[in-house]
Amino acid sequence: MINIEKKKECCGCRACESICPTSAISFNNDTEGFWYPKVDLEKCINCHKCEKTCPWLGERTSHMDVAVCYALKNKDIDSQINSSSGGVFPALANQILSMGGVIFGAQFDSLWQVESGYVECVNQLHKLRRSKYVQSNNLEAYKNVLNFLKQGRKVLFTGTPCQSLALRKYLHKDYENLYVVDIVCHGVPSPLVWNRYLNEISKKFRESKDDIKDIKFKYKDKKRYIWRHPGFKIVWKDDKKYEVFSNKTGYENGFLTNLFVRPSCHDCKIKKLTSSSDITIGDFWGVEKILPNFYDEEGVSIAMVQTERGRELFDAVKGTFSVTPITIDEATRYNQRIVVSSTANRNRNKFFSKLNSEESIDEIVKRCLKPNKLSLCYIKNQLKKYIKDRIKL
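Residues numbered from 1 in each chain as written. Predicted model: local features only at pLDDT ≥ 70, side-chain atom pairs only at ≥ 80, totals over all residues. Heavy atoms only, no water.

**So, the sheet that holds strand β14 (residues 321-326)**
- One open sheet accounts for nine strands, arranged β6-β5-β4-β7-β8-β12-β13-β3-β14; its pairing is mixed. For this open sheet the edge positions go to β6 (136-137) and β14, each flanked by a neighbour on one side alone.
- As defined by bridge partners, strand β3 (residues 68-74) adjoins strand β13 (residues 301-305) across five bridges and the pair is classed as antiparallel. Bridge pairing in β13 places Cys69 opposite Met304. (Pairing = 2+ DSSP bridges. Helix = DSSP H or I, 4+ residues; strand = E, 2+ residues; numbered from the N terminus.)

Take a look at the structure:
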């Protein structure tokens, strides 16, 4: 039986709820907006399937010593522009779709929360593209993946490392028609904070959250917004839009500085390529230092191929990319989230204590991130370092 004593012991993947044969497990939101399991002891039959499926429990194997790493970017500029980094995901997805397969990934639901959904045709693939900085509800995905696999369909599942490992454990066996691709994960923000932020921005523009028709994180447009300095965009049904650099929003600043990231993400058990995925993809941060001639303002990705099945899929689409081999050290040198967890912000509790006040998310984040002498010194040194690096280029 699942027994969560500390919140950092649950990543919220909901695999235990999905696998439970008696529906004894349900998930409820805490005051921070994250969901956690609750067990109905009268329904529990002590089958221990929940424990066997939990990605936080049991042994994990690192693939750091076997992963073959690449720096890459899609040759098709539209695929590159409309992806979070270098455009790896659409190439992998198109390959599976061309074989009659199904693609799973994070998509917005009708309330603009995030869930793991699926598409079966190219013209629906846009739903799964780009980053979505909100924790994804994966409850239905496990069963849906299994159903498609039993039908003999090829399935490409993309998700966070904990979701990917949870799926492997949920299935209890390997399926030759399953391809698992996980993303380099910083952590997952609170759905409660996200929902409140959307309501506040909509009210500011005299709109309703219900009338939103499009949201884009890590927005690029070939002009103003680029990979290292992307935009954030909301469009309402009357075509009014909120478009701004990502680092000008309280939500993304609060997320990236770990003010409202799930507690388990600060003690993540699934780092160092232990998710049992076939391929891990992410941004190639530091490419301008490691491979300066490969840098591209529209985005550069890393791909870490870990299995023979991953190799077969990668080889099938390799011609789609400009690609060069890199070492695991080069892949992780400036992307520490591959190997270590993010650290909780020292003002995290302060942020959540203010959440029920009349202050907006932007105001609370600004208050929590108000620079002190130490942080100003850090920013000054980082700016000097950045200017020095740019001069070298």
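**Quick look at helix α4 (residues 88-97)**
- Counting buried positions along α4 gives eight out of 10 residues, so the element sits mostly inside the fold.
- Those residues of α4 not exposed but buried are Val88, Phe89, Pro90, Ala91, Leu92, Ala93, Ile96 and Leu97. (Buried < 20%, exposed > 50% of the residue type's maximum accessible area, 1.4 Å probe, protein only.)

**Focus on the pattern of salt bridges**
- A complete count under the given rule lists 23 salt bridges for this structure.
- The partner of Glu120 in a salt bridge is Arg153, with the nearest N and O atoms 2.8 Å apart. Placement of the pair is Glu120 in the loop between β5 (114-119) and β6 and Arg153 in the loop between α5 (141-150) and β7 (155-159), with a sequence separation of 33 residues.
- A relative accessible area of 22% means that Arg153 is categorised as partly exposed.
- Linked through salt bridges whose partners overlap, the residues forming this network are Arg168, Asp174, Asp278 and Arg309. (Salt bridge = Lys/Arg side-chain N within 4 Å of Asp/Glu carboxyl O.)

**Considering the side chain of Ser84**
- Relative to the helices and strands, Ser84 is located in the loop between α3 (77-81) and α4.
- Residue classification places Ser84 among the buried positions, given a relative accessible area of 13%.
- A polar contact of 2.6 Å, which involves the side chain of Ser84, links it to the backbone nitrogen of Ser131.
- Non-local contacts of Ser84, meaning those with residues more than four positions away in its chain, are made with Arg130, Ser131, Lys218, Lys220, Trp227 and Asp283. (Polar contact = N/O pair within 3.5 Å; in protein donor to acceptor, adjacent residues only side chain to side chain. Contact = heavy atoms within 4.5 Å.)

**A few points about the packing of aromatic side chains**
- Scanning the entire structure with this criterion turns up 27 aromatic pairs.
- Sitting over the face of the ring of Trp35, Arg14 holds its NZ or CZ atom 5.5 Å from the ring centroid. (Phe/Tyr/Trp six-rings, centres within 6.5 Å; stacked < 30°, edge-to-face > 60°. Lys NZ or Arg CZ within 6 Å of the ring centre and 35° of its normal.)

**What about the packing of helix α7 (residues 191-204) against helix α13 (residues 361-368)?**
- Two elements in contact, α7 and α13, have axes separated by 9 Å at closest approach and are oriented at 120 degrees. Our classification of the angle between α7 and α13 gives oblique. Listed contacts from α13 to Val193, Arg196, Tyr197, Glu200 and Ile201 of α7 are Ile361, Asp362 and Ile364.
- For the contact of α7 with α13, the class distribution of residues is five nonpolar, no polar and three charged. (Axes fitted to C-alpha atoms, helices over the stretch in contact; angles between N-to-C directions. Parallel < 35°, antiparallel > 145°, perpendicular 65-115°, else oblique. Nonpolar A, V, L, I, M, F, W, Y, C, P; charged D, E, K, R; others polar.)

**Some points on α5**
- Ala141, Tyr142, Val145, Leu146, Phe148 and Leu149 are the residues of α5 that are buried. Projection of α5 onto a plane perpendicular to its axis shows the buried side chains occupying an angular sector of 165 degrees, all on one side.
- Residues of α5 that are buried sit in contact with α1 (15-19), β4 (102-108), β5, β7, α6 (161-171) and β8 (178-183).
- Positioned one or two residues after α5, Gly152 has a phi angle of 85 degrees, which is positive. (Arc of directions from axis to C-beta.)

**Description of the confidence of the model for the protein chain**
- Taken over all residues, the pLDDT of the protein chain has a mean of 93, while the share at 70 or more is 94%.
- Low pLDDT, under 50, characterises residues 373-378; the predicted model gives this stretch one contact beyond four residues in sequence or across chains. (pLDDT = per-residue confidence, 0-100.)

**Remarks on the pairing of strand β2 (residues 35-39)**
- Pairing analysis gives five bridges linking strand β1 (residues 25-29) to β2, with the strands arranged antiparallel. Paired with Phe27 across the two strands is Pro37, which belongs to β2.

**Section: the sheet that holds strand β10 (residues 231-236)**
- A sheet is described by the order of its strands in space; here three strands give the open sequence β9-β10-β11, paired in antiparallel fashion. Two strands lie at the open edges of the sheet, namely β9 (212-219) and β11 (241-245), each paired on one side alone. Along the sheet, successive strands turn relative to each other by an average axial angle of 5 degrees, direction set aside.
- Those strands touched by α7 are β9, β10 and β11, and its axis lies near 65 degrees from that of β10.

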